[in-house]
Amino acid sequence: MRETNDSAPQVRVRSAEDLPGCVAVLRAVHEQDRYPVRWPPDPERWLAHDADDTGWVAQLDGRIVGHVLLVRPDGGDVAPGLLAPDTPVAVVSRLFVDPAARGRRIGALLLDRAAREAQSRGARAVLDVVTSDRAAIALYERLGWEFLAAGQQEWGPGELVDVRCYTAPPVPTLKEVR
């Protein structure tokens, strides 16, 4: 069921108090879309990732409807290694939108927020997405994310998954917009 009200989604920095609401949305996404492919044993910890990472939530009418995280590369991601060796990168991770709230550009708002934050840190935003996630791939391409290459990511001992790697389009600065 889609939202029928006309309120605009808002994106804000995620707090620890948001994690239970994020887990509830993540469960709905997992049940409909199989993301994440494997349900984490501790979903709050999986979403929190690392204390140094920055996360945002999207809210609609006061309830959480989306999430994104910006993390440092950890060696397991393919996309960071596809840019020039000295290019600073930040990895977009844990992006999801409540199935009941889709069609309101929430994913685009979250991606834009993460890409702008990466740029403010002097980094390029990159991400890996499993090749079976056609809806996410379509979103990235519709928003102008640049396809870098296809590759394989290790998800466990002896387990490789096929991924597509993207980098964010340049985010215009205020000076460029004028």
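Note: the structure precedes this text.
Keep in mind the model is a prediction, meaning the values are calculated, not measured. Here the residue index of a chain counts from 1 through its sequence in written order. Restriction of local features to residues with pLDDT of at least 70 applies here, the model being predicted, together with a cutoff of 80 or more for giving and counting side-chain atom pairs; totals for whole chains, interfaces and linings are based on all residues. Think of the side-chain values as coming from all heavy atoms in the structure, minus any hydrogens and water.

Draft legend 1. Structural context of the environment of Tyr-166. Segments assigned H or I by DSSP are reported as helices when at least four residues long, segments assigned E as strands when at least two residues long, and all are numbered from the N terminus. Take Tyr-166: it is sitting in strand 7 (residues 159–167). Only protein chains enter the area calculation, which uses a 1.4 Å probe; residues under 20% of their type maximum are buried, those over 50% are exposed, and those in between are partly exposed. Among the residues examined, Tyr-166 registers a relative accessible area of 0% and is labelled buried. The spatial distance from the C-alpha of Tyr-166 to the C-alpha of Leu-60 is 28 Å, given a sequence separation of 106 residues. Throughout, a residue-residue contact means that at least one pair of heavy atoms, one from each residue, lies within 4.5 Å. Apart from residues lying up to four places away in sequence, Tyr-166 is in contact with Ala-79, Ala-125, Val-126, Leu-127, Val-129, Ile-137, Tyr-140, Glu-141, Trp-145, Glu-146, Phe-147 and Leu-148. We call two N or O atoms a polar contact when they sit within 3.5 Å, provided that within protein one can donate a hydrogen and the other can accept it, with sequence-adjacent residues counted only if both atoms are side-chain atoms. Polar side-chain contacts of Tyr-166 include one of 2.9 Å to the side chain of Arg-164.

Draft legend 2. Spatial organisation of unusual backbone geometry. At the junction of Tyr-35 and Pro-36, the peptide bond is cis and its omega measures out at -5° in the coordinates. One non-glycine residue, Arg-34, adopts positive backbone phi at about 65°. Exposure remark for Arg-34: the relative accessible area of 48% places this residue in the partly exposed category. The residue Arg-94 is not glycine, and still its phi comes out positive at about 55°. Structurally, Arg-94 can be placed in strand 4 (residues 89–97). With a relative accessible area of 15%, Arg-94 lands in the buried category.

Draft legend 3. Broad picture of the sheet that holds strand 2 (residues 54–60). Strand order across the open sheet formed by seven strands is 1-2-3-4-5-7-6, with mixed pairing between neighbours. Of all the strands in the sheet, the pair left with one neighbour each is strand 1 (10–13) and strand 6 (146–156). Each neighbouring strand pair of the sheet contributes to a mean axis angle of 30°, computed without reference to strand direction. Geometry is summarised by axes, namely lines fitted to C-alpha atoms with helices restricted to the contacting stretch, and by angles between N-to-C directions that run from 0 to 180 degrees. Here helix 1 (residues 19–33) sits on the sheet and contacts strand 2, strand 3 (63–71) and strand 4; the angle it forms with strand 4, its principal contact strand, is near 75°. For two strands to be treated as a pair, DSSP must find no fewer than two bridges joining them.

Draft legend 4. Structural detail: the packing of aromatic side chains. Any two of the Phe, Tyr and Trp rings considered here, Trp counted by its six-membered ring, make a pair once their centres fall within 6.5 Å; the pair's planes then place it as stacked at under 30 degrees, edge-to-face at over 60, or tilted in between. According to the stated counting rule, one finds four aromatic pairs in the structure shown. Their ring planes at 45° and their centres at 6.2 Å tell us that Tyr-140 and Trp-145 sit as a pair that is tilted. When its relative accessible area of 7% is taken as the criterion, Tyr-140 is described as buried. Through a chain of ring-to-ring contacts, three or more aromatic side chains come together here, namely Tyr-140, Trp-145, Phe-147 and Tyr-166. Here the guanidinium or amino end of Arg-27 rests over the ring plane of Trp-39, the centre of that ring lying 4.2 Å away. Throughout this description, the term charge over a ring refers to an Arg CZ or Lys NZ atom that lies within 6 Å of the ring centre and within 35 degrees of the ring normal. The ring of Trp-46 carries Arg-94 above its face, with NZ or CZ at 4.1 Å from the centroid.

Draft legend 5. Representation of the pattern of salt bridges in the model. A pairing counts as a salt bridge when a side-chain nitrogen of Lys or Arg comes within 4 Å of a carboxyl oxygen of Asp or Glu. Applying the stated criterion across every chain yields a total of nine salt bridges. Of the charged contacts in the structure, one is a salt bridge between Asp-98 and Arg-63, with a shortest N-O distance of 3.3 Å. With Asp-98 in the loop between strand 4 and helix 3 (106–120) and Arg-63 in strand 3, this pair connects stretches of sequence that are 35 residues apart. Assessed through its relative accessible area of 31%, Arg-63 is described here as partly exposed. Glu-117 is the partner of Arg-121 in a salt bridge, and the nearest nitrogen-oxygen pair spans 2.9 Å. Glu-117 sits in the buried class, given a relative accessible area of 17%. Salt bridges here are not isolated pairs; linked through shared partners, they connect Arg-113, Glu-117 and Arg-121.

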